[in-house]
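Coordinate inspection notes
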2 protein chains.
Amino acid sequence: MDIEIRSGCPINLTMEVLGDRWSLVIIRDIMFGNRRHFRELLTQSEEGIASNILAARLKRLMSYGLITKLDDPSHSQKAIYSLTEASIQLVPMFAMIGAWGRRFLPVSEDLSIRAELLEEGGPPLWDEFMADLRRIHIEDPIGGANGTVKSPVLARLTAAFLEVRAKMDAAAG
Amino acid sequence: MDIEIRSGCPINLTMEVLGDRWSLVIIRDIMFGNRRHFRELLTQSEEGIASNILAARLKRLMSYGLITKLDDPSHSQKAIYSLTEASIQLVPMFAMIGAWGRRFLPVSEDLSIRAELLEEGGPPLWDEFMADLRRIHIEDPIGGANGTVKSPVLARLTAAFLEVRAKMDAAAG
DNA sequence: CCATCTGATTGCATATTGAAACTAGTTGAG
DNA sequence: CTCAACTAGTTTCAATATGCAATCAGATGG
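Residues numbered from 1 in each chain as written. Chains lettered and ligands numbered in written order. Predicted model: local features only at pLDDT ≥ 70, side-chain atom pairs only at ≥ 80, totals over all residues. Heavy atoms only, no water.

1. A short note on the relation of the copies chain B and chain A
- After a rotation of 180° and a shift along the axis of 0.0 Å, chain B superposes on chain A with an RMSD of 0.1 Å. The relationship between the two copies is best expressed as a two-fold rotation axis. In terms of C-alpha distance to the rotation axis, chain B has Asp-20 of chain B as its closest residue, with the C-alpha 2.2 Å off the axis.
- Here 100% of the interface residues in chain B have copies in chain A that are interface residues too; the copies meet face to matching face. (Least-squares fit on C-alpha atoms with pLDDT ≥ 70 in both. Contact = heavy atoms within 4.5 Å.)

Structure, rendered in structure tokens:
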């Protein structure tokens, strides 16, 4: 699982590592959905990734140091996937990707509220979020996975998302 | 050439449009290298894209409204490829991608100086650069392609790149 | 008039992707 | 203890994408 390194350009290298259909989507689910198990990533994903692709991407992301894998003490067969410092520092990039997508692509209201808040919050919010992520992924990945350690920023983003979704459900049905 | 839309999430949609090995690399060459012809994109690229892939990607990017194609009056068979407002607004994303790549991937000194300057310059520089790009891609694509209309920001970035490269050449040879 | 340059296209081998079925082991309820 | 449900994947196979080399037809330049 190695980069080919067609050139040392930062943009090219980033594309060699993250330039595919699924890598950033998986990191997004771990980061913003706090999905830490294979099953959660597989079935609770909006986009319906195939299990073989998910397995391959997780392996690949591990080999690049973007996620780590840890045995879940509560279930000997469960693994906990966590972000690393490298993937936590993708937060500003996600903010820009979300901002651009909201502006130029046909996003849905509920799924874009988090991107909107992240854009509005700017660097101060990103820093706060990254600090949270360090706690639930690096300092205490087990507590972060089982919910005993939480991210206030994530809680706010999730609450906003659920609120919009509830409003949409009420309007629709 | 349509998106499948597996979900309305801004990050997912952006990956459906730009999440592949080559799209952003091609836009990078048009944006930072001011390569406006097929041949330039094909042969002056650091990474050596295949001609069929380049043709397919240009067509795809056009269908998404990220580039436009224009007949070159100086040569009836030449086409000029230009950025659109949507791709010009990728500048902040490129800045973040470059910054992340510089921090976590084995970039080369010469090819990362532009990313460094773009990161240091921050939003004021990005805005200035985007204003330049609007002039040489939207307002006067022909003048922008043949060099009669120039981007001061691009000139600074290119000068810095050439300076670093000259220094490296001197040290090596 | 002919070599060269233009933006591509075509063929073909290989690599990647995607969906569904399947594996092998674990856990929890009865 | 037993069995259904759940765990993280792997296997299989068809479809698609990629990469490389060769090719093409229409300008252009000498």
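Having seen the model, we can carry on.
2. Looking at empty space enclosed by the protein
- This model, assessed by the stated rule, comprises 3 cavities of 30 Å³ or more.
- Computed from the structure, the largest cavity encloses a volume of approximately 100 Å³.
- Lining the largest cavity are 15 residues, with Met-15 and Leu-24 of chain A together with Met-15, Leu-24 and Ile-97 of chain B sitting closest to its centre.
- Taken together, the residues that form the lining of the largest cavity break down as 10 nonpolar, 4 polar and 1 charged. (1 Å grid on protein atoms, 1.4 Å probe; cavity = no way out; pocket = protein on both sides within 12 Å on 5 of 7 lines; lining within 4 Å. Points joined across faces, edges and corners; volume = space filled by probe spheres on them. Nonpolar A, V, L, I, M, F, W, Y, C, P; charged D, E, K, R; others polar.)

3. A look at the protein's contact with DNA strand D
- The immediate surroundings of DNA strand D are formed by 20 residues, with Arg-39, Ser-51 and Tyr-81 of chain A together with Asn-52 and Arg-57 of chain B found nearest.
- What you see for DNA strand D is that sugar and phosphate hold 57% of its atoms within 4 Å of the protein.
- A distance of 2.7 Å separates a base oxygen of DNA strand D from a polar side-chain atom of Ser-51 of chain A.
- One of the side-chain N or O atoms of Arg-57 of chain B is found 2.7 Å from a phosphate oxygen in DNA strand D. (Near = heavy atom within 4 Å. Polar contact = N/O pair within 3.5 Å; in protein donor to acceptor, adjacent residues only side chain to side chain.)

4. Focus on the side chain of Arg-28 of chain A
- Mapped onto the elements of the fold, Arg-28 of chain A is located in helix α2 (residues 23-33).
- For Arg-28 of chain A, a relative accessible area of 6% corresponds to the buried category.
- Polar side-chain contacts of Arg-28 of chain A include one of 3.0 Å to the side chain of Asp-29 of chain A.
- Beyond its immediate stretch of four places on either side in the chain, Arg-28 of chain A contacts Gly-33, Glu-47 and Phe-94 of chain A together with Cys-9, Ile-11 and Asn-12 of chain B. (Helix = DSSP H or I, 4+ residues; strand = E, 2+ residues; numbered from the N terminus. Buried < 20%, exposed > 50% of the residue type's maximum accessible area, 1.4 Å probe, protein only.)

5. Section: unusual backbone geometry
- Despite not being glycine, Asn-34 of chain A has its phi angle at roughly 45°, a positive value.
- You can see Asn-34 of chain A is positioned in the loop between α2 and α3 (38-43).

6. Quick look at the pairing of strand β2 (residues 79-83) of chain A
All names here are of chain A.
- In terms of burial, β2 is largely enclosed, as 5 of its 5 residues are buried.
- Residues Ala-79, Tyr-81 and Leu-83 of β2 are buried on one face, and the alternating residues Ile-80 and Ser-82, pointing to the opposite face, are buried as well.
- In terms of strand pairing, strand β1 (residues 67-71) meets β2 through 5 bridges, oriented antiparallel. For Lys-69, the partnering residue across the bridge sits in β2 and is Tyr-81. (Pairing = 2+ DSSP bridges.)

7. A word on the interface of chain B and chain A
- Taken together, the contacts link 49 residues of chain B with 49 residues of chain A.
- Taking both partners together, chain B and chain A bury about 4000 Å²; carbon and sulfur atoms supply 74% of that area.
- A salt bridge links Glu-16 of chain B to Arg-21 of chain A, with the nearest nitrogen and oxygen atoms 3.0 Å apart.
- Joining chain B to chain A, the criterion identifies 16 residue pairs in polar contact (both at pLDDT 80 or more).
- Residue assignment for the side of chain B that touches chain A shows that the elements contributing at least two residues are α1 (10-18), α2 (23-32), α5 (85-88), α6 (91-104) and α7 (109-139) of chain B.
- Broken down by element, the residue count for the side of chain B that touches chain A peaks at 11 residues, all from α6 of chain B. (Buried area = accessible area lost by both parts, 1.4 Å probe. Salt bridge = Lys/Arg side-chain N within 4 Å of Asp/Glu carboxyl O.)

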